[in-house]
Amino acid sequence: MENVRSLIDILELSVEEIDSLVELGTKILDDPAAYAHKCDGKILATLFFEPSTRTRLSFESAMLGLGGQVLGFSEAQSSSAAKGESVADTVRTVSCYADIIAMRHPKEGAPLVAAMNSLVPVINAGDGGHNHPTQTLTDLLTIHHEKGRFEDLTIGFCGDLKFGRTVHSLISAMSRYKGVRVVLVSPEELKLPSYVKQDVLGRAGIPYVQTTDLEAVMPELDILYMTRVQRERFFNEEDYLRLKDSYILTPEKLQNARPDLSILHPLPRVNEISVAVDADPRAAYFRQVRYGRFIRMALIMMLLGIQ
Amino acid sequence: MIIDAIRNGIVIDHIAAGKAMELYQILGLGDLDCSVAILKNVTSGKLGRKDIIKIDRELHLDWDVIGYVDPNITVNIIKDGVRLEKRQLKLPETITGVIHCKNPRCITSVEQELPQVFKLTDREKRVYRCLYCETKAEK
């Protein structure tokens, strides 16, 4: 609907808007009590057509932290989608009950269809392997909080760079800042797709290197963004077994890392970061979860037009 | 080879050689009950070889569809044997109902009543992507 601002893709936000969201997220983080009644009387609907406990709870916790209330469903089977209702009809109905909607759907583009038919703002909480803008906002608030800036950073992305949507979105978002350099660490089979290299990095003039050796590039990194190398992405078991350990982060692999490195991960982690790394102060991935709640609070306020 | 000049109708000119049948089908010209002439591999000073379609009737055509097939096409509207208008086409910003998204993970794969909309994302390389899932259109 016109006149209603939704968030479907991170690139819909200008650099200035991201800066103001990060600023607001930081203010909320510093003084949550000051924002505890900003959304009194407002309702968030969480429409999760596929389960995602962490993202759903983060949205619900964000709205509750602002004084609002939440309703919704956590899987398609408990919605009218199970009866064959379209996304458009579901959203037309729900937008009569809620002031803002967070939607996760297994089909790519479903939140856009929702936004086109909703009377209230729709936030894309993940659509298949396509977009997940609040994960990227979470990553951005984490980077800003950990490093104090977006400019002049060398960011290493490690693991599945081919299918990892969080990687693609964060590269797109970071490519808008000056002095950013990207190091891509992955097995040959899971290299960053050429269209991301050409259309995003190439167009923005961001220097990047590709390598299969994490330890070799470790000393260069300000940020290490880990992702999981999934067994199902490989054509044969042999390749998977040969490669999987190369991309597991251990204290030994961190020996040459900078003392101020920040290690990020979109979670859930399976085994790509050894639990022995958790105690390292450079491990930022659980702090990242916390930042996710505050940036979602900032986003809800922005889309509802609350100062 | 002589094809009669038309008095009232449309001449779609400067079609890239070999593209006329694609355009004929995409515009649904086979459903018309008037004369439609398809000229293939006509000698052209500008293109070397080109295709031409002549339609012996006034009708509304979707300029975006024609521009999508080939933005170098020119369309001449003929009225009473005289060229009333010469239209130079261009790649449309969006195109609806012509290309179908082939991504099985796209919402259009399960909600088939949704309009199939593609948007131009790279004019130079003529890249269109699905509005919903951003999958690149296959020609």
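Criteria and thresholds
- Chains are numbered independently. Their residues run from 1 in the order of the written sequence.
- For naming, the first written chain is A and the first written ligand is 1, with later ones following in the order written.
- For this predicted model, a pLDDT threshold of at least 70 governs which residues receive local features, and a threshold of 80 or more governs which side-chain atom pairs are given and counted, while totals over whole chains, interfaces and linings are taken from all residues.
- In DSSP terms, a helix is any run of H or I states spanning at least four residues, a strand is any run of E spanning at least two, and both are numbered starting from the N terminus.
- In this setup the radius of gyration rests on C-alpha atoms only. A globule is expected at 2.2 Å times the number of residues raised to 0.38.
- With C-beta atoms placed from the backbone, a residue is buried if 20 or more other C-beta atoms are within 10 Å of its own, exposed if 12 or fewer are, and partly exposed between those counts.
- Think of it this way: build a C-beta for each residue from its backbone, and any pair within 7 Å is a contact.
- By this rule the span expected of a helix is its residue count minus one, scaled by 1.5 Å.
- Where each domain begins and ends follows an automated or database-derived domain assignment.
- Under the scheme applied, nonpolar residues are Ala, Val, Leu, Ile, Met, Phe, Trp, Tyr, Cys and Pro; charged residues are Asp, Glu, Lys and Arg; polar residues are all the others, including Gly.
- Only when DSSP finds a minimum of two bridges between them are two strands counted as paired.
- Lines fitted to the C-alpha atoms define the axes, with helices restricted to the stretch that makes contact. Angles between their N-to-C directions range from 0 to 180 degrees.
- Put simply, angles under 35 degrees are roughly parallel, angles over 145 are roughly antiparallel, angles from 65 to 115 are roughly perpendicular, and the rest are oblique.
- Should the near helix be turned anticlockwise from the far one by less than a right angle, the crossing is left-handed, and should it be turned clockwise, the crossing is right-handed.

### Section: the overall build of chain A
Next, step 1: A count of helical and extended segments in chain A gives 10 helices and nine strands.
Next, step 2: A compact globule built from 307 residues would reach a C-alpha radius of gyration of about 19 Å, and chain A, at 19 Å, matches this within 12%.
Next, step 3: Here the C-alpha coordinates of chain A stretch approximately 55 × 45 × 40 Å along the principal axes.
Next, step 4: Relative to its 307 residues, chain A shows a buried fraction of 47%.
Next, step 5: Of the contacts made within chain A by residues no fewer than 6 positions apart, 77% connect residues no fewer than 24 positions apart.

### Quick word on helix 5 (residues 133–147) of chain A
Next, step 1: With 15 residues, helix 5 of chain A should reach 21 Å at 1.5 Å per residue; the first-to-last C-alpha distance of 21 Å fits that figure.
Next, step 2: Of the residues flanking the end of helix 5 of chain A, it is Gly148(A), one or two places downstream, whose phi is positive at about 80 degrees.

### A few points about the domain arrangement of chain B
Next, step 1: Entries for chain B in the domain assignment read domain 1 (9–88) and domain 2 (94–130).
Next, step 2: A straight line from the C-alpha centre of domain 1 of chain B to that of domain 2 of chain B covers 25 Å.

### Some points on the interface of chain B and chain A
Next, step 1: Taken together, the nine residues of chain B in the interface contact 11 residues of chain A.
Next, step 2: Partitioning the side of chain B that touches chain A into residue classes produces six nonpolar, one polar and two charged.

### Notes on the sheet that holds strand 4 (residues 122–127) of chain A
One key point about sheets: their strands pair by backbone hydrogen bonds, in either a parallel or an antiparallel sense.
Residues and elements named next belong to chain A.
Next, step 1: Reading across the sheet, the four strands line up as 2-1-3-4 and stay open at both edges, with parallel pairing between neighbours. Because the sheet does not close on itself, it has two edges, and the strands there are strand 2 (69–73) and strand 4. On average, adjacent strands in this sheet sit at an angle of 15 degrees to one another, irrespective of strand direction.
Next, step 2: In the sheet, strand 1 (residues 43–48) pairs with strand 2 via five bridges, with the strands oriented parallel. Of the residues in strand 2, the one forming a bridge with Ala45 is Leu71.

### A look at the environment of Leu131(B)
Residues and elements named next belong to chain B.
Next, step 1: Looking at where Leu131 falls in the secondary structure, it is placed in the segment after strand 8 (127–130).
Next, step 2: Of the residues examined, Leu131 has 22 C-beta atoms within 10 Å and is grouped as buried.
Next, step 3: A C-alpha to C-alpha distance of 29 Å links Leu131 and Gly18, two positions 113 residues apart in sequence.
Next, step 4: Discounting chain neighbours no more than four positions away, the residues touching Leu131 are Val117, Phe118 and Lys119.

### Let's talk about the environment of Ile263(A)
Residue and element names in this part refer to chain A.
Next, step 1: Looking at the secondary structure, you find Ile263 in strand 9 (residues 262–264).
Next, step 2: Each C-alpha atom of the pair Ile263 and Cys39 lies 33 Å from the other, and the pair is 224 residues apart in sequence.
Next, step 3: Look past the residues within four positions of Ile263 in its chain and what remains in contact with it is Leu224, Met226, Val277, Arg282, Ala283, Ala284 and Tyr285.

### Brief notes about the packing of helix 5 of chain A against helix 10 (residues 285–304) of chain A
Residue and element names in this part refer to chain A.
Next, step 1: In the contact formed by helix 5 and helix 10, the axes pass within 8 Å of each other and the chain directions differ by 115 degrees. When the axes of helix 5 and helix 10 are compared, the pair comes out roughly perpendicular. Crossing of helix 5 over helix 10 shows right-handed handedness. Contacts between helix 5 and helix 10 pair Thr134, Leu137, Thr138, Leu141, Thr142 and His145 from the former with Arg287, Gln288, Tyr291, Gly292, Phe294, Ile295, Arg296 and Leu299 from the latter.
Next, step 2: Across the contact of helix 5 with helix 10, the residue classes tally to six nonpolar, six polar and two charged.

### Focus on the domain arrangement of chain A
Residue and element names in this part refer to chain A.
Next, step 1: By domain assignment, chain A separates into domain 1 (10–131 + 292–304) and domain 2 (134–289).
Next, step 2: Once you take the C-alpha centre of each, domain 1 and domain 2 turn out to be 26 Å apart.
Next, step 3: On the side of domain 2, 17 residues touch domain 1, which itself brings 19 residues to the contact.
Next, step 4: The set of elements that each furnish at least two residues to the side of domain 1 that touches domain 2 consists of helix 1 (15–30), strand 4 and helix 10.
Next, step 5: Looking at the side of domain 1 that touches domain 2 element by element, the count peaks at six residues for helix 1.

### A closer look at the packing of helix 2 (residues 53–65) of chain A against helix 10 of chain A
Describing two packed helices takes the angle between their axes plus the distance from one axis to the other.
All names here are of chain A.
Next, step 1: Following both chains from N to C, one finds helix 2 and helix 10 inclined at 60 degrees, their axes separated by 8 Å at the closest point. The angle between the axes of helix 2 and helix 10 places the two elements in the oblique class. Along this stretch, helix 2 crosses helix 10, giving a crossing that reads as right-handed. Two secondary-structure elements touch here, helix 2 through Ser58, Phe59, Ser61, Ala62, Met63 and Gly65 and helix 10 through Gly292, Arg293, Arg296, Met297 and Ile300.

### A few points about helix 10 of chain A
Residues and elements named next belong to chain A.
Next, step 1: For helix 10, spanning 20 residues, the distance from its first C-alpha to its last is 29 Å, which sits close to the expected 28 Å at 1.5 Å a residue.
Next, step 2: Gln288, Tyr291, Gly292, Arg293, Phe294, Ile295, Arg296, Met297, Ala298, Leu299, Ile300 and Met301 are the residues of helix 10 that are buried.
Next, step 3: Positioned one or two residues after helix 10, Gly305 has a phi angle of 70 degrees, which is positive.

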